[in-house]
Amino acid sequence: MPYVSIVGSAGYTGQETLDRVLRHPDLELYAVGSDSLAGQDATALDPRLNRNGGKRVPRLITNAAALACEADVTFLCLSHEEAAGLEPPARGIVVDLSGAHRLQDPTQYEEWYGFTHPRPEELGSWSYGLPELTPPEGRLIANPGCYATAVLLALAPIADAIERESVVVDAMSGMTGAGRSPKASTHAGFVLDNVSPYKVGTHQHVAEIAQLLGFPVSFTPHLLPVRRGLLATCNVRSTGADLRALLEERYASSPVVTVLPDGVAPELARVQHTDGAEIGVFSDRHTDRTMVICAIDNLGKGAAGQAVQNVNALFGLAETAGLRLSGVLV
């Protein structure tokens with residue numbers, strides 16, 4: 001049973017990753033790192049931990065100590081710049097949930113992330129792990145961004161069947177997409193009863209979307225007054241192919257991505273707290289355009305769920321092991 005270390009467990013993605021490891025039948029939790037909580041019992045992170053006889057969470061240690069464990073699997077749940085500066089463990093699989101290793105061109109980090117990458121020579125060693133489109137390879141895995149995941153699931157299977165210059169994406173995400181550190185833009189007084197566009201034309205996920213698709217898209221993100229969930233509406237023009245048929249064919253056997261029946265729209269409420277993705281396809285009766293809409297949970301399929309899905313693939317485990325996919329949420 002592979003041993004797991006989580007570096008940066010106190011953030012949203014760290015907590016969500018921890019939850020999935022605890023429910024995973026084939027992974028064993030070994031170390032949990034948090035610089036702010038090091039030395040404390042797991043209940044300092046969440047009072048619900050270590051209840052009811054489930055898998056126990058060990059006392060929290062520093063992130064450096066969790067990294068030094070060189071476990072079979074190390075999840076990096078740190079900020080972009082912190083993760084970029086780390087030397088990965090010499091053994092085991094490392095999954096980076098930040099954006100520190102998603103882009104192959106080191107010069108793009110200055111433009112999109114605002115810092116010079118400290119280890120540019122190592123970027124080529126990291127595999128971009130979006131299981132349905134680019135299965136993870138090797139032992140160093142860059143977990144895709146949440147917006148990028150939704151947009152790529154919607155567009156990658158039809159990329160060769162649409163007019164590239166026609167693509168316009170409007171996307172919306174809950175507050176947890178911005179991370180746990182407090183900011184003026186995620187303060188309740190700003191977010192509640194409000195919907196606001198942000199990073200218009202400058203969002204960092206645009207770069208990884210273009211990297212995989214091979215062409216840029218017009219992308220505008222918006223912040224929703226909800227905790228979690230993400231929805232991306234991709235407005236495209238087909239070159240003649242049946243776009244629904246292409247998407248249905250690509251995801252026909254996927255246990256994670258569902259192409260909804262004709263006329264059924266994706267909804268945040270159905271994907272919140274899950275690791276699944278819903279895709280809806282609609283024709284605009286007034287134009288020759290098609291809307292492909294993808295909904296995911298930004299902390300699930302957009303982060304922790306996808307990270308565990310990548311580990312499952314690399315160890316040859318059941319693809320859905322440890323994931324949240326079943327049930328009816330109200």
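Residues numbered from 1 in each chain as written. Predicted model: local features only at pLDDT ≥ 70, side-chain atom pairs only at ≥ 80, totals over all residues. Heavy atoms only, no water.

### Focus on the packing of helix 5 (residues 146–155) against helix 10 (residues 300–315)
Look at helix 5 against helix 10: their axes get within 8 Å of each other, and the N-to-C directions meet at 95°. One finds that helix 5 runs roughly perpendicular with respect to helix 10. For the pair helix 5 and helix 10, the contacting residues are Cys146, Thr149 and Leu153 in the first and Lys301, Gly302 and Gln306 in the second. Split by residue class, the contact of helix 5 with helix 10 holds two nonpolar, three polar and one charged. (Axes fitted to C-alpha atoms, helices over the stretch in contact; angles between N-to-C directions. Helix = DSSP H or I, 4+ residues; strand = E, 2+ residues; numbered from the N terminus. Parallel < 35°, antiparallel > 145°, perpendicular 65-115°, else oblique. Contact = heavy atoms within 4.5 Å. Nonpolar A, V, L, I, M, F, W, Y, C, P; charged D, E, K, R; others polar.)

### What about the environment of Thr287?
Topologically, Thr287 is positioned in the loop between strand 12 (277–283) and strand 13 (289–296). Spatially, the C-alpha atoms of Thr287 and Ala142 are 38 Å apart, while their sequence positions differ by 145 residues. A polar contact of 3.2 Å, which involves the side chain of Thr287, links it to the backbone nitrogen of Arg289. (Polar contact = N/O pair within 3.5 Å; in protein donor to acceptor, adjacent residues only side chain to side chain.)

### A few points about the sheet that holds strand 2 (residues 28–33)
Taken together, the six strands give an open sheet; going across it, the order is 2-1-3-4-6-5, and neighbouring strands pair in parallel fashion. The sheet is open, and its two edges are formed by strand 2 and strand 5 (127–128), each paired on a single side. Two elements, strand 1 (residues 3–7) and strand 2, share five bridges in a ladder whose sense is parallel. Opposite Ile6, over in strand 2, you have Val32 as the bridge partner. (Pairing = 2+ DSSP bridges.)

### So, unusual backbone geometry
Of note in the backbone geometry, Asn50 takes a positive phi value of approximately 65° without being a glycine. As for its placement among the helices and strands, Asn50 is situated in the loop between strand 2 and helix 2 (63–68). Even without a glycine there, the phi angle at Glu70 is positive, about 50°. With respect to the element layout, Glu70 can be found in the loop between helix 2 and strand 3 (73–76). On the accessibility criterion, Glu70 (31% relative accessible area) is partly exposed. (Buried < 20%, exposed > 50% of the residue type's maximum accessible area, 1.4 Å probe, protein only.)

### Examining the nonpolar core
Judged by nonpolar contacts, the single largest core of 87 residues is most densely connected at Phe75, Leu155 and Ile279. When residues in this core are grouped by element, the largest group, nine residues, is from helix 5. With residues up to four places along the chain from it excluded, the contact list for Ile279 reads Leu153, Ala154, Leu247, Tyr251, Val257, Thr258, Val259, Leu260, Pro266, Val292, Ile293 and Cys294. Counting six residues, the second largest nonpolar core, distinct from the first, contains Leu231, Leu268, Ile293 and Ala295. (Core = buried A, V, L, I, M, F, W, Y, C linked by side-chain atoms within 4.5 Å.)

### Side note on the pattern of salt bridges
Tallied over the full model, the rule gives 19 salt bridges. The salt bridge involving Arg228 is made with Asp297; its shortest N-O contact spans 2.7 Å. Of this pair, Arg228 sits in the loop between strand 9 (218–223) and strand 10 (230–237) while Asp297 sits in the loop between strand 13 and helix 10, placing them 69 residues apart in sequence. Each member of the pair, Arg228 together with Asp297, is buried. Asp262 is paired through a salt bridge with Arg244; the nearest N and O atoms lie 4.0 Å apart. Separated by 18 residues along the polypeptide, Asp262 in the loop between strand 11 (257–259) and helix 9 (268–271) and Arg244 in helix 8 (residues 243–250) bring together distant segments of the chain. (Salt bridge = Lys/Arg side-chain N within 4 Å of Asp/Glu carboxyl O.)

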